[in-house]
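# Fold and contact review
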Number of protein chains: 2
Amino acid sequence: MSKVGIREVAKLAGVSTGTVSRILNDHPSVTKELRARVTAIIKDLGYTPDPSARSMRGKVSRLIGIVIPDLTNPFFAELVQSAEQAAANHGYNIIVMTSFDHAAKEADRIKQLTSRKVDGIMLVPSNDFHTLKLPKGLPIVVVDRLMPGYSGIAADHRNGVRLGVEHLLQLGHRRIGFISGPGHSVPANDRLRGYLDAIEQAREQADGTRMAGPPLIAEAAFDYESGRSAGNYLLARARNERPTAIFASSDQQAIGCMRAAHDLGIPIPAALSILGFDGIPLASMTTPRLTTVKQPIQDIAAAAVAVLLNKQTAPELDNPILFACEILKGETTASPQPD
Amino acid sequence: MSKVGIREVAKLAGVSTGTVSRILNDHPSVTKELRARVTAIIKDLGYTPDPSARSMRGKVSRLIGIVIPDLTNPFFAELVQSAEQAAANHGYNIIVMTSFDHAAKEADRIKQLTSRKVDGIMLVPSNDFHTLKLPKGLPIVVVDRLMPGYSGIAADHRNGVRLGVEHLLQLGHRRIGFISGPGHSVPANDRLRGYLDAIEQAREQADGTRMAGPPLIAEAAFDYESGRSAGNYLLARARNERPTAIFASSDQQAIGCMRAAHDLGIPIPAALSILGFDGIPLASMTTPRLTTVKQPIQDIAAAAVAVLLNKQTAPELDNPILFACEILKGETTASPQPD
DNA sequence: TTGTACGCGTTATCAC
DNA sequence: GTGATAACGCGTACAA
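Residues numbered from 1 in each chain as written. Chains lettered and ligands numbered in written order. Predicted model: local features only at pLDDT ≥ 70, side-chain atom pairs only at ≥ 80, totals over all residues. Heavy atoms only, no water.

Turning to the sheet that holds strand 8 (residues 245-248) of chain B, a few remarks are in order. All names here are of chain B. If you trace the 6 strands from one edge of the open sheet to the other, you get 7-6-8-9-10-12, paired in mixed fashion. Two strands in the sheet have a free side with no partner beyond their single neighbour: strand 7 (217-219) and strand 12 (326-328). On average, each strand axis in the sheet is inclined to that of its neighbour by 20°, with strand direction left out of account. Relative to the sheet, helix 10 (residues 251-263) contacts strand 6 (176-180), strand 8, strand 9 (273-278) and strand 10 (291-294), its axis offset from that of strand 9 by approximately 155°. (Pairing = 2+ DSSP bridges. Helix = DSSP H or I, 4+ residues; strand = E, 2+ residues; numbered from the N terminus. Axes fitted to C-alpha atoms, helices over the stretch in contact; angles between N-to-C directions. Contact = heavy atoms within 4.5 Å.)

Printed below as a string of structure tokens:
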């Protein structure tokens, strides 16, 4: 149970340390039988290469760093967990750090990771990312909040929202409100664009039924409380003018909005449909269960890890990899009642 | 921006590498002024010691490992985030791994962490922990799910539950139902004990008002759906026999139970009080807001890290450090209506 | 108090 | 195809 190094293995096998090293690293120029014999001895001794020594000599640490704004956000938690799985499948481990959406902290974290010699960084940038200088030469993949100038991977928020709006349109809704995310957030803007796209398109196709005139949009932070006030704002008008459906930019907003509707005595989904975005586990725990547009978090995480490990070619700059969203049907959307 | 090592610093300061090393490690035998000068140069060059080399030569990696069953569980997510903060304050980073409550995976993770030379492991054991062999010589602190034979840190579940029951008693409840956690879970049993303690004590003090006779206990997993069926079970009896309050062992159970009550047309808190346990953010997002017993997660995490870094003496075996819980008042508890 | 020299476990570069 | 050896960057006896 003590220090069994590569030397012990070599001595016991009657070969040199170099050979053992080559075997460990799947170097081709080693006889099959020799490889077999040494491998047996390795297993026998229970020898494991020392990661510290490895990362000192070579350039590989088999470590990837993850920097996210907030781990208590269920979306990021699942992202990290999925990434850990994906990394483990390749013999990698992860170092997790939280930036709290603070650019200075974020820069510091990245510096730490660099000195740790991580083989790559998966970054969900803080919102004031523009002040951020990233070290060159270290693979970095930006996830979810895309940044111009870096390889990015994310869900296709824009089309995801279109999907959601179309779902509501098909149910017969014509006055569809939208709770937008904070204006400085990249995904928030993508989602807003998706909404505007879909509404615009519906207007053009105007199949007799007219779409509502004034845009029914409220901007809010992604959290619960903001969703609630935005809901209050959107619902504070005469019944024949207020939206019959509200599409929120996050599940938490949607749940806050449900609460607002509940406080106003508006039954869901009878008098108001509500649609969320994200697909966090929480969505299925509300009463009634929230219908939501689900992001393929696991796919995103797996792709990000694959890119960092060079298992997959990195996306071009300014041409991110996007994953399609899908609708997770709950009980908060239904056809509108006639006025 | 290239490789600035300890040698460059030494050369530029006109001292030897040994001196620089001693300065870095706060070795006492160095002149104050020399220390000051070299420190300045270090900062000037932006020199950072190479962690890999450090952990190879010395025994310290400034890395601590965290193994938890499931990161998407909000409780564990907050635990990890708090630990990361605490570790960062001491110049440490964390490697996070998920065991999925699978003993074999867990053992493998721990082995990986050992070979990474982490300076300590914070472990929330999987439920079949009894099959677990932990490496000696490596500081390990068991958190939340206490294990006999290891240093443990957790919330005082037992007294926390007592607190909750007393809250309900003070409101006037006499038929208090309890949704217990899974029987094989250590915290679940602690919580059940707390409930039984409090009820027993209330019986003895029997101040005229009689406590309900038969125990109103339902065992369930910690999740939402299980809480819902347990709630259904407890509420499926005549009004004057069913509990006027239900205390759940987790917030998710409590929320499931709220849904059960809602489906049965039982208003909360008018006809039924509900009390949760954990204090996850989700608790304040329900309608109405859940009253719950909050665990001091940050304190737990900070203490665990402190113990691992020897900043604080480890708790005796079988004599864990316990942190007091507190009641987080929401809107789901109130005095019972007369029958 | 400070400098020197060596070793930690591995991989890469040569010879063989 | 395989063996010997330098080098990676730092900590630490030991010598001065």
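Read on for the rest.
Around DNA strand C, the surrounding shell holds 27 residues, and the nearest of these are I6 and Y47 of chain A together with T19, T31 and R57 of chain B. Atoms of DNA strand C within 4 Å of the protein: sugar and phosphate make up 53%, bases the balance. Measuring from a phosphate oxygen of DNA strand C, one finds a backbone N or O atom of I6 of chain A at 2.6 Å. Those elements that place two or more of their residues in the surface near DNA strand C are helix 1 (6-13), helix 2 (17-24) and helix 4 (51-57) of chain A together with helix 2 (17-24) and helix 4 (51-57) of chain B. (Near = heavy atom within 4 Å. Polar contact = N/O pair within 3.5 Å; in protein donor to acceptor, adjacent residues only side chain to side chain.)

It is worth spelling out the interface of chain B and chain A at this point. Facing 46 residues of chain B, the contacting portion of chain A comprises 45 residues. At the boundary of chain B with chain A, total buried surface from both sides reaches about 4,000 Å², with 53% on carbon and sulfur atoms. On the chain B side of the contact with chain A, Q81, R116 and M285 of chain B bury the most area, a combined 18% of that side's loss. The tally of links between chain B and chain A comes to 4 salt bridges. Taking the shortest distance from any N to any O, the salt bridge between E331 of chain A and R259 of chain B comes out at 3.5 Å. Across the chain B-chain A interface, the total number found is 23 residue pairs in polar contact (both at pLDDT 80 or more). Contributing elements (two or more residues each) for the side of chain B that touches chain A: helix 4, helix 5 (74-89), strand 2 (93-98), helix 6 (103-115), helix 9 (224-235) and helix 10 of chain B. Here the side of chain B that touches chain A is built from residues that sort into 18 nonpolar, 16 polar and 12 charged. (Buried area = accessible area lost by both parts, 1.4 Å probe. Salt bridge = Lys/Arg side-chain N within 4 Å of Asp/Glu carboxyl O. Nonpolar A, V, L, I, M, F, W, Y, C, P; charged D, E, K, R; others polar.)

What follows concerns helix 3 (residues 32-45) of chain B. All names here are of chain B. With 14 residues, helix 3 ought to run about 20 Å at 1.5 Å a step, and its terminal C-alpha atoms sit 20 Å apart, in line with that. Three or more residues of helix 3 are buried, namely V38, I41 and I42. Along the long axis of helix 3, the arc covered by the buried residues comes to 105°, so they all point the same way. More than 90 degrees from the buried face of helix 3, the exposed residues found are K32, E33, K43 and D44. Of the surrounding secondary structure, the elements contacted by the buried residues of helix 3 are helix 1 (6-13) and helix 2. Once helix 3 finishes, G46 follows within two positions and takes phi at roughly 65°, a positive value. (Expected span 1.5 Å × (residues − 1). Buried < 20%, exposed > 50% of the residue type's maximum accessible area, 1.4 Å probe, protein only. Arc of directions from axis to C-beta.)

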